[in-house]
Amino acid sequence: MRERKRSFSSGNAALVRHDPQILEVVGRLRAAAYSAGAIVQHNARALERAWAASQSGDATAIEDTRALADLEIAQSQSVVIELVLQASSHLFDALGASSTLVPKGLDRFWRNVRTLATHNPRIYKDRIAGDFAVNGTPAPAQWKIGVVGASQ
């Protein structure tokens, strides 16, 4: 973008890198990336606590920290997926038609996030967070593949 010599015919500056609307989009993308990174770091700390508890041999501490880590991850997946879906869509607003060229492969960012969101549906993550907020229900152990109600 910095090296781009052409601007949009409806743009606000002679160079894209000086266009305030483009700078706003890029600023939003940067803020989304920063926020997603901060949330992931927070989740990593929750997982570290769960791992440390797993080393203690205390079954109650293990289950409590696991449930809390799963809750934190469920809450954050909903927000991070939304942030990244929006950011990867807004990316094309700032870059213009050339960003859709196959050799650039920028569509893969949106597609990768959409695939992650499909494998970890936000509706279930939001329900887990809501059930905890309203009823105090601990997050279930979620990291298994199987049939609901089947013995595991």
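Definitions and cut-offs
- Residues numbered from 1 in each chain as written.
- Predicted model: local features only at pLDDT ≥ 70, side-chain atom pairs only at ≥ 80, totals over all residues.
- Heavy atoms only, no water.
- Helix = DSSP H or I, 4+ residues; strand = E, 2+ residues; numbered from the N terminus.
- Areas by Shrake-Rupley, 256 points an atom, 1.4 Å probe, with all protein chains shown as cover.
- Axes fitted to C-alpha atoms, helices over the stretch in contact; angles between N-to-C directions.
- Parallel < 35°, antiparallel > 145°, perpendicular 65-115°, else oblique.
- Left-handed = near helix turned anticlockwise from the far one by under 90°.
- Contact = heavy atoms within 4.5 Å.
- Nonpolar A, V, L, I, M, F, W, Y, C, P; charged D, E, K, R; others polar.
- Salt bridge = Lys/Arg side-chain N within 4 Å of Asp/Glu carboxyl O.
- Buried < 20%, exposed > 50% of the residue type's maximum accessible area, 1.4 Å probe, protein only.
- 1 Å grid on protein atoms, 1.4 Å probe; cavity = no way out; pocket = protein on both sides within 12 Å on 5 of 7 lines; lining within 4 Å.
- Points joined across faces, edges and corners; volume = space filled by probe spheres on them.
- Core = buried A, V, L, I, M, F, W, Y, C linked by side-chain atoms within 4.5 Å.

The name an unreviewed UniProt entry gives the chain is Dibenzothiophene desulfurization enzyme C, with Paracidovorax wautersii as the organism.

Draft legend 1. Region of interest: the overall build of the chain. What the chain contains, in helices and strands, is four helices and zero strands. Reading the helices (α) and strands (β) of the chain from amino to carboxyl end gives α-α-α-α. Carbon and sulfur atoms form 60% of the exposed surface of the chain, whose accessible area is close to 10300 Å².

Draft legend 2. Region of interest: the packing of helix H2 (residues 59-95) against helix H4 (residues 122-135). At their nearest, the axes of H2 and H4 sit 8 Å apart, and the two run at 135° to each other. Here H2 lies oblique to H4, going by the angle between them. Remark: the crossing between H2 and H4 carries left-handed chirality. Contacts from Leu71, Ala74, Gln75, Gln77, Ser78, Ile81, Glu82 and Leu85 in H2 reach Arg122, Lys125, Asp126, Ile128, Ala129 and Phe132 in H4. Each residue belonging to the contact of H2 with H4 can be placed in one class, and the counts come to seven nonpolar, three polar and four charged.

Draft legend 3. Spotlight on the environment of Val79. The topology assignment puts Val79 in helix H2. Residues Val79 and Ala36 lie 43 residues apart in sequence; the distance between their C-alpha atoms is 8.2 Å.

Draft legend 4. Broad picture of the pattern of salt bridges. Under the criterion given, the structure shown has six salt bridges. Across the pair Glu63 and Arg66 runs a salt bridge whose closest N-O atoms are separated by 2.2 Å. Of this pair, Glu63 and Arg66 are both found in helix H2, three residues apart, which corresponds to roughly one turn of the helix. Residue Arg66 is joined to Asp70 by a salt bridge in which the shortest nitrogen-to-oxygen separation is 2.7 Å. Of this pair, Arg66 and Asp70 both sit in helix H2, four residues apart, which is roughly one turn of the helix. For the pair shown, Arg66 and Asp70 are each scored as buried.

Draft legend 5. View of the layout of surface pockets. Quantified by volume, the second largest pocket comes out at close to 240 Å³. Lining the second largest pocket, in full, are Ile39, Val40, Asn43, Ile73, Ser76, Gln77, Val80, Ile81, Val84, Val113, Leu116 and Asn120. For the lining of the second largest pocket, the secondary structure elements donating two or more residues are helix H1 (20-54), H2 and helix H3 (107-119). Taken together, the residues of the lining of the second largest pocket break down into eight nonpolar, four polar and no charged.

Draft legend 6. Representation of the nonpolar core within the structure. Residues Val16, Ile22, Val25, Leu29, Ala32, Ala87, Leu91, Ala94, Leu95 and Leu106 constitute the largest nonpolar core, which totals ten residues. By size, the runner-up hydrophobic cluster in this structure holds five residues, among which are Ala74, Ile128, Ala129 and Ala139.

Draft legend 7. Region of the structure containing the packing of H2 against H3. Between H2 and H3, the shortest axis-to-axis distance is 9 Å and the interhelical angle comes to 160°. It follows from the interaxial angle that H2 and H3 lie roughly antiparallel. The two elements H2 and H3 meet at a crossing, and its hand is left-handed. Here Ile81, Val84, Leu85, Ser88, Ser89 and Phe92 of H2 lie close against H3, whose contacting residues are Asp107, Phe109, Trp110, Val113, Arg114 and Ala117. The class makeup of the residues in the contact of H2 with H3 is eight nonpolar, two polar and two charged.

Draft legend 8. Summary view of the environment of Arg114. Along the chain, Arg114 turns up in helix H3. A C-alpha to C-alpha distance of 9.8 Å links Arg114 and Glu82, two positions 32 residues apart in sequence.

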